[in-house]
Structure formats: C-alpha cells, structure tokens
Amino acid sequence: AALTSTGPAFVTYKFKPTVSWSDGQPWDCRDFYLAWLAGNGTPYFTPATTRGLDRANAECRDKNTFVETYRSPYADWRRNYLHHTILPAHILERETGIADVTALSPTSAPAVLKKAGDFWTSGWTGVNTKTMPASGPYQFDRSTPGTQTLLIRNHARARNPRAPAAPRARHLPHRSGWRRGAA
C-alpha cells in the first residue's frame with residue numbers, strides 16, 4: 001500500500017496477479033472491497049470495528065488495484081487491514097448470487113445488503129472447506145468440534161515448503177478448576 005495523494009488522502013493497494021486462494025481463485029481487489037464494505041458501517045454487516053474504514057470511500061480501479069479515499073485525515077491508514085478481515089469475495093458472490101460485490105455500496109438496496117451482510121456475518125463460521133479457502137500456508141482439512149482441527153499445506157502458496165505437511169490443532173479442556181457460574 002502507498003499513500004499516493006495527500007489532498008485528499010488516497011491510498012492505493014496493488015495486488016500481485018499470481019496470488020490466489022487455495023481454491024485457485026485470485027486474491028484480488030474484490031476481497032479488499034468486501035472488507036471495506038463490511039468494515040465501514042454498512043447496514044447488515046457486524047464487524048468487530050469500523051476503525052479507519054468509516055473515514056474512507058473505496059473503489060476497484062481494476063482487479064489488482066484497490067483505492068481508498070479518506071474524507072478526513074487518518075494517520076493510521078497502514079494498519080486498516082490488520083483490524084479488518086480479508087475474506088474471499090468470490091465465495092460470498094457464489095453463495096449469495098450477488099454477481100459483483102464491487103457493485104454494492106453502503107446505500108445499495110437493503111435486501112441485497114442484507115443478503116451480503118448475513119452471509120458475511122454467519123457464512124464463514126465453523127470449518128467448511130467449500131466456503132473457507134485459505135490464503136496462508138495452511139488450509140482446513142477437517143475438524144471434530146471440541147476435539148481437534150486438521151490443517152493441510154496450502155499448495156496454492158509456494159512459500160515455506162519445509163513446514164509440517166499436516167499440523168493438528170487439539171482443543172484442550174480448561175483445567176484451572178474454574179466453572180461457569182462459579183463466583
């Protein structure tokens with residue numbers, strides 16, 4: 001990301017065309033646009049915070065260029081997407097029937113925003129390999145609720161080939177003696 005203008009402030013993000021989700025779909029401008037849409041106070045989305053994104057408008061200049069325009073100065077723009085989750089827009093489009101997430105805005109038709117917001121809020125809960133491709137070194141393989149989650153290497157990401165092929169996350173019971181409702 002780079003601050004490409006200061007009056008008003010424009011921040012431009014450029015994406016490498018070779019980066020993809022584990023399902024082979026590109027990791028592109030739509031994913032950041034969806035994060036902006038969800039994180040700027042758009043109705044029907046329930047983000048943990050609107051920090052920073054509530055001060056900006058956003059657009060995709062092309063599939064690999066995302067631009068934010070800030071309505072007021074915001075010195076912490078570099079940290080915006082540390083606070084906001086980047087989720088795969090192509091999955092939201094497929095699961096909701098919305099043709100292009102970048103055609104949505106905070107003032108779009110309420111029924112369409114509700115459909116997008118409902119999926120964004122609840123469609124990525126739990127472990128579902130069909131709706132949760134990975135962008136990091138590992139992806140979900142399977143999970144047994146309350147017991148363990150098995151990850152496998154994300155072959156769409158070439159880095160770190162010496163990492164373990166299949167790390168396992170075990171859910172350990174809390175052994176402190178604390179019980180819900182105990183004073």
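Nothing here was measured: the structure is a model prediction, and the numbers come from that model.

### Examining the sheet that holds strand β1 (residues 2–6)
Link 1 in the chain: Spatial strand order, β1-β2-β4-β3: 4 strands in an open sheet with antiparallel pairing. Each edge of the open sheet is held by one strand with a lone partner, namely β1 and β3 (56–62). Each strand axis lies, on average, 25 degrees off the axis of its neighbour in the sheet, ignoring direction.
Link 2 in the chain: Strand direction decides the pairing type here: strand β2 (residues 9–14) and strand β4 (residues 65–70), joined by 5 bridges, are antiparallel. Opposite K14, over in β4, you have T65 as the bridge partner.

### What to know about the nonpolar core
Link 1 in the chain: Residues W36, F66, Y81 and L92 are the most contacted members of the largest nonpolar core, which totals 35 residues.
Link 2 in the chain: Of all elements in the fold, only β2, α1 (29–39), β3, β4, α3 (89–96) and α4 (110–122) reach the threshold of two or more residues within this core.
Link 3 in the chain: Among the elements that line this core, the one with the most residues is α1, at 8 residues.

### What to know about the state of the cysteines
Here a disulfide denotes one covalent bond, and it connects the sulfur atoms of two cysteines.
Link 1 in the chain: The tally for this structure, following the rule as stated, stands at 1 disulfide.
Link 2 in the chain: Here C29 connects covalently by a disulfide to C60, the sulfurs 2.0 Å from one another. Residues C29 and C60 are joined through a disulfide that is left-handed, its torsion about the S-S bond being -100 degrees. Remark: C60 occurs in strand β3 and C29 occurs in helix α1; sequence separation between them is 31 residues.

### Some words on the pattern of salt bridges
Link 1 in the chain: By the definition in use, this model includes 8 salt bridges.
Link 2 in the chain: The shortest N-O distance in the salt bridge between D76 and R51 comes to 2.4 Å. You can see D76 sitting in the loop between β4 and α2 (80–83) and its partner R51 sitting in the loop between α1 and β3, a full 25 residues away along the chain.
Link 3 in the chain: The exposure class of D76 is partly exposed, given its relative accessible area of 21%.

### Some thoughts on the packing of α1 against α3
Link 1 in the chain: With their axes 8 Å apart at the nearest point, α1 and α3 run at an angle of 75 degrees to one another. If you check the angle between α1 and α3, you find them roughly perpendicular. Across from R30, D31 and L34 in α1, the residues of α3 making contact are A89, H90, L92 and E93.
Link 2 in the chain: Its residues assigned to classes, the contact of α1 with α3 shows 3 nonpolar, 1 polar and 3 charged.

What counts as what
- Residues numbered from 1 in each chain as written.
- Predicted model: local features only at pLDDT ≥ 70, side-chain atom pairs only at ≥ 80, totals over all residues.
- Heavy atoms only, no water.
- Pairing = 2+ DSSP bridges.
- Helix = DSSP H or I, 4+ residues; strand = E, 2+ residues; numbered from the N terminus.
- Axes fitted to C-alpha atoms, helices over the stretch in contact; angles between N-to-C directions.
- Core = buried A, V, L, I, M, F, W, Y, C linked by side-chain atoms within 4.5 Å.
- Buried < 20%, exposed > 50% of the residue type's maximum accessible area, 1.4 Å probe, protein only.
- Disulfide = S-S within 2.5 Å.
- Salt bridge = Lys/Arg side-chain N within 4 Å of Asp/Glu carboxyl O.
- Parallel < 35°, antiparallel > 145°, perpendicular 65-115°, else oblique.
- Contact = heavy atoms within 4.5 Å.
- Nonpolar A, V, L, I, M, F, W, Y, C, P; charged D, E, K, R; others polar.

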